[in-house]
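Results of the structural survey
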Amino acid sequence: MRPAPRRVPSRPSVPTAPRRLLTARRRFPSTGLVPALAAALAAGLFSALVPALIPAPLHGQVAEAPVVRPDDPAMPEAPPRFSLLLGAGVWRWDAAPAGTGSVDDATGLALELETRLTPWLAFRLGGGLAAPSIEGTGAEAGDRLDADQYHVEVDAVLRAPWPLARWRVTPYMLGGVGSVIHDPDRDGLGTRNQSLWTVGAGAEWDALERVGVRFDWRHAQVELGDIFDPLERDSATVGADRWSLGAYWRF
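Residues numbered from 1 in each chain as written. Predicted model: local features only at pLDDT ≥ 70, side-chain atom pairs only at ≥ 80, totals over all residues. Heavy atoms only, no water.

1. A few points about the overall build of the protein chain
Going by this rule: By the criteria applied, helices consist of DSSP H or I runs no shorter than four residues and strands consist of E runs no shorter than two, each listed in order from the N terminus. The contact definition used throughout considers only heavy atoms, calling two residues in contact when any of these lie within 4.5 Å.
Counting its regular elements, the protein chain contains two helices and 10 strands. Along the chain direction, N to C, the helices and strands of the protein chain fall in the order α-α-β-β-β-β-β-β-β-β-β-β. A separation of at least 24 residues holds for 63% of the contacts in the protein chain among residues at least 6 apart in sequence.

What follows is the structure, given as C-alpha cells:
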C-alpha cells in the first residue's frame, strides 16, 4: 500500500492593490525626495527673508552718495592759482664794450603776478623800476647822467615736483623775454628801448598758508646801445645779474 502524498502548504496570495503600491514605492523611493523638497523650501524662505532683514547696501543695492555743494564747508578748498609778489633787488651790469654806453649798478623795486597752470608749471608777468647812472661814449665820453630804468618781462616758471616739505621750501627755475627802457634825466635825450632774455633760479618759503618769501637770481642778456646818441642804432649784448628778495601772497 502506497503512502499518501505529502501536501506542501501554499503561500497566501498577496492582494493586487498592495502589490501595486509596493511596486510604486520601488520605482519612486522616498529617501531622496523629502530632503530635496526641504532644501528647496529652506532656500525659498532664506531668499525671501534676507532682503527684509539686511540693509539694502549689503545685498546688491548701491546707496546714493551725498551731494556736496560748492558752499558746503565739508568740501575741500581748491589750492590758490594766483600769487602777487612785491620785492626789491639789485642790478649788477657787466662792463660794456667800446662804443656802447655803460650802466652802473643800481637797486630797484619789482612787482610780479603769477598764475599756475599745474602744480609745477606757471607763468609770471613782472616789471620793475630802478635809477642807475649811465656813462656815454664818443663826444660824450666820461659824461654821466641819471636815468630811470624800467623793465618788463614774461617768464615761464618750472617748480621742482619734490618740495622740501620739512622746511616748506620749493626750488624753481625760470626763463623768459622782456625789455629794458632807459629814460635819461636830460632834455633832448629820448627813451631807449632794449630787448632782453633771462634765465635764473630761485626758491620759495611758505611762511604761512598763503604768505611766503621768495628769493631768486636772474641773468639777463640786454641789447644795450648808446643812450647819449638816440640816432645811433648800433648796440652790443651786455650781461646783467639781478638779485631780488620779496614777499608773495597767494589768492
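Resuming the write-up.
2. Remarks on the pairing of strand β4 (residues 121–130)
The condition that has to hold: Paired strands, as defined in this entry, are two strands with at least two bridges between them according to DSSP.
Sheet topology note: the strand β3 (residues 106–116)/β4 ladder contains nine bridges and is antiparallel. Opposite Glu 112, over in β4, you have Gly 126 as the bridge partner. As consecutive antiparallel partners, β3 and β4 are separated by four residues. Judged from the 10 bridges that link them, β4 and strand β6 (residues 144–159) form a sheet pairing that is antiparallel. Within β6, the residue paired with Ala 122 across the bridge is Val 157.

3. Description of the side chain of His 219
Note the cut-off: In protein, a polar contact means a hydrogen-donor-capable atom and an acceptor-capable atom, both N or O and within 3.5 Å, with residues adjacent in sequence counting only if both atoms are side-chain atoms; elsewhere, any N or O pair within 3.5 Å suffices.
Within the secondary structure, His 219 sits in strand β9 (residues 211–225). Engagement of the side chain of His 219 in a polar contact is seen with the side chain of Asp 241, the distance being 2.8 Å. Contacts of His 219, omitting those with residues within four sequence positions, involve Asp 94, Trp 197, Thr 198, Val 199, Gly 239, Ala 240 and Asp 241.

4. Some points on the nonpolar core
Operational definition: The criterion is simple. A nonpolar core is a set of buried Ala, Val, Leu, Ile, Met, Phe, Trp, Tyr and Cys residues joined through side-chain atoms within 4.5 Å. When accessible area is computed with a 1.4 Å probe and restricted to protein chains, residues below 20% of their type maximum are described as buried, those above 50% as exposed, and intermediate ones as partly exposed.
Counting residues in each nonpolar core, the largest one holds 16 residues, and the members touching the most others are Trp 91, Trp 93, Val 103, Val 180 and Val 222. When contributions to this core are tallied by element, the ones reaching two or more residues are β1 (82–93), β6, β9 and β10 (235–250). For this core, the element with the highest residue contribution is β9, accounting for three residues. Beyond its immediate sequence surroundings of up to four residues, Trp 93 is in contact with Val 103, Asp 104, Asp 105, Gln 149, His 182, Val 222, Val 238, Gly 239 and Ala 240.

5. Quick word on the pattern of salt bridges
Here is the rule: A pairing counts as a salt bridge when a side-chain nitrogen of Lys or Arg comes within 4 Å of a carboxyl oxygen of Asp or Glu.
All chains considered together, the criterion is met by 18 salt bridges. When the shortest N-O distance is used, the salt bridge between Arg 124 and Asp 216 registers 3.5 Å. Pair noted here: Arg 124 is in strand β4 and Asp 216 is in strand β9, with a separation of 92 residues, a long-range link. Here Arg 124 and Asp 216 have matching classes, each one buried.

6. A few points about empty space enclosed by the protein
Rolled over the atoms, a probe sized like a water molecule indicates the empty space that remains. Quick note on the threshold: A pocket here means an open set of points on a 1 Å grid, computed over the protein atoms alone, that has protein on both sides within 12 Å along at least five of seven lines. A cavity is instead a set of points where a 1.4 Å probe fits but cannot get out; residues with an atom within 4 Å of a point line either one. Grid points are joined across faces, edges and corners, and a volume is the space filled by probe spheres set on the points. Residue classes follow a fixed rule: Ala, Val, Leu, Ile, Met, Phe, Trp, Tyr, Cys and Pro count as nonpolar, while Asp, Glu, Lys and Arg count as charged, and any other residue, Gly among them, counts as polar.
This structure, assessed with the given rule, holds two cavities of 30 Å³ or more. The volume enclosed by the largest cavity comes to roughly 60 Å³. Around the largest cavity sit Ala 88, Gly 89, Val 90, Trp 91, Gly 108, Leu 109, Ala 110, Gly 128, Leu 129, His 151, Arg 242 and Ser 244, which together line it. If you list the elements that add at least two residues to the lining of the largest cavity, you get β1, β3, β4 and β10. A total of four residues in the lining of the largest cavity trace back to one element, the largest contributor, which is β1. Looking at the lining of the largest cavity residue by residue, the class counts come to six nonpolar, five polar and one charged. If you trace the second largest cavity, you find it lined by Trp 91, Glu 153, Thr 198, Arg 218, Ala 220, Ala 240, Asp 241 and Arg 242. With three residues, the single largest contributor to the lining of the second largest cavity is β10. Grouping the constituent residues of the lining of the second largest cavity by class yields three nonpolar, one polar and four charged.

Read these as geometric descriptors, not functional statements.
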